[in-house]
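Each chain, written out:
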Amino acid sequence: LHAHLLLSAPLQTYHELGHSGFQSPPQRFASLGAFLQFVRLNYIPIFKTIECYRKVARDCFAHMIEDGIVYTEISIDSRLTYLIGSSWRELLQMFGEEIARVEGKLKIRPELGLPRDFPHEAWKDVCDEALSSGFFKSRDLYGDETLKPASDFAYFFEEARRLSLKIKFHSGETSAPDRMASEIAFVTPHAIQHGIRSAEDPQLLKMLAAAQTSINV
């Protein structure tokens, strides 16, 4: 299962953490941009302490187990240390403890996620610090696909390849098949997150099949 840790706990968890300030999401969003704006306004402000992350992680894993999920590649956002002014060492120690709690019930392969609109120029240093821990098994680029192209994050993927990590990125969820094809050719990922618009281009589907690139719809 592909999942984003910050968004994957039961809705009640966020109401408890946000108290009266958390607004429930609508049944349907008008666009990916509207969804991302909702996340920025309602989810991100909740995360003020490591214990907030702990509760979300614990409730997320428990919810997955209840649903019968046995394996997840779960993305941990690179912005976490900025949100609470903590270190990766402290955060990953906590996540490691929560992962250990469900050992034998849920196999968790954490991945380091980077949003295309990362708000700080020092994203390379942030990612290097996180990866030096040896905690992460893969890397994922996500966010608004109409923003910076994957080629702007060449270093992100080069380091993943150097460390023999699984390489993924979000593409073809909203971006056109031709952009999806050019980004795949540049990155040569192991998997694409969502990628539903690849169905519009038979040649792109053949390219994905030939490369044995997974599409995590």
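Here's what I pulled together on the structure shown here. The written sequence of each chain sets the order in which its residues are numbered from 1. Local features in this predicted model are restricted to residues whose pLDDT is 70 or higher, and side-chain atom pairs enter the listing and the counts only when it is 80 or higher, whereas totals over whole chains, interfaces and linings include all residues. Note: side-chain values were computed over all heavy atoms of the structure, leaving out hydrogens and water.

1. Some remarks on the nonpolar core
In this text, buried Ala, Val, Leu, Ile, Met, Phe, Trp, Tyr and Cys residues form a nonpolar core when linked through side-chain atoms within 4.5 Å. Relative accessible area decides the class of each residue, using a 1.4 Å probe on protein chains only: under 20% of the type maximum gives buried, over 50% gives exposed, and in between gives partly exposed. Core analysis: the largest hydrophobic core is formed by 59 residues, its most contacted members being Tyr53, Phe61, Trp88, Phe95, Phe136 and Phe157. Starting at the N terminus, helices and strands are each numbered in turn, a helix being any DSSP run of H or I of at least four residues and a strand any DSSP run of E of at least two. Among the elements that take part in this core, helix α3 (residues 50-66) stands out by supplying eight residues, more than any other. Excluding residues within four positions of it along the chain, Tyr53 makes contact with Leu6, Phe47, Leu80, Leu83, Ile84, Leu91, Met94 and Phe95. Should any heavy atoms of two residues lie within 4.5 Å, those residues are considered in contact.

2. What to know about the pattern of salt bridges
Each salt bridge in this description consists of a side-chain nitrogen of Lys or Arg and a carboxyl oxygen of Asp or Glu lying within 4 Å of one another. Under the definition given, this model contains 16 salt bridges. We note a salt bridge from Glu97 to Arg54, for which the minimum N-O separation is 3.1 Å. Here Glu97 is found in helix α5 (residues 88-101), whereas its partner Arg54 is found in helix α3, with 43 residues between them in sequence. Its salt-bridge partner being Arg162, residue Glu159 comes within 2.9 Å of it at the nearest N-O pair. Taken together, the positions of Glu159 and Arg162, both in helix α7 (residues 154-162) and three residues apart, correspond to about one turn of that helix. For Arg162, a relative accessible area of 56% puts it in the exposed group.

3. Here's the deal with α7
Of all the residues in α7, the buried ones are Ala154, Phe156, Phe157, Glu159 and Ala160. Looking at the buried residues of α7, the elements they touch are β3 (107-115), α6 (123-131), β4 (138-142), β5 (166-171) and α8 (177-187). At the exit of α7 stands Ser164, carrying a positive phi of roughly 60°.

4. Focus on the packing of helix α1 (residues 11-18) against α3
Relative orientation of the contacting elements α1 and α3 amounts to 165°, with a least axis distance of 10 Å. Taken together, α1 and α3 sit at an angle that is classed as roughly antiparallel. Relative to α3, the crossing made by α1 is right-handed. Between α1 and α3, the contacting residues are Thr13, Tyr14, Glu16 and Leu17 on the first element and Cys52, Lys55, Val56 and Asp59 on the second. Classification convention: Asp, Glu, Lys, Arg as charged; Ala, Val, Leu, Ile, Met, Phe, Trp, Tyr, Cys, Pro as nonpolar; all other residues, Gly among them, as polar. Partitioned by chemical class, the residues of the contact of α1 with α3 number four nonpolar, one polar and three charged. Simply put, an axis is a line fit to the C-alpha atoms, just over the touching stretch for a helix, and the angle between two N-to-C directions goes from 0 to 180 degrees. Under this scheme an angle from 65 to 115 degrees is roughly perpendicular, one under 35 degrees roughly parallel, and one over 145 degrees roughly antiparallel; angles in between are oblique. Should the near helix be turned anticlockwise from the far one by less than a right angle, the crossing is termed left-handed; should it be turned clockwise, right-handed.

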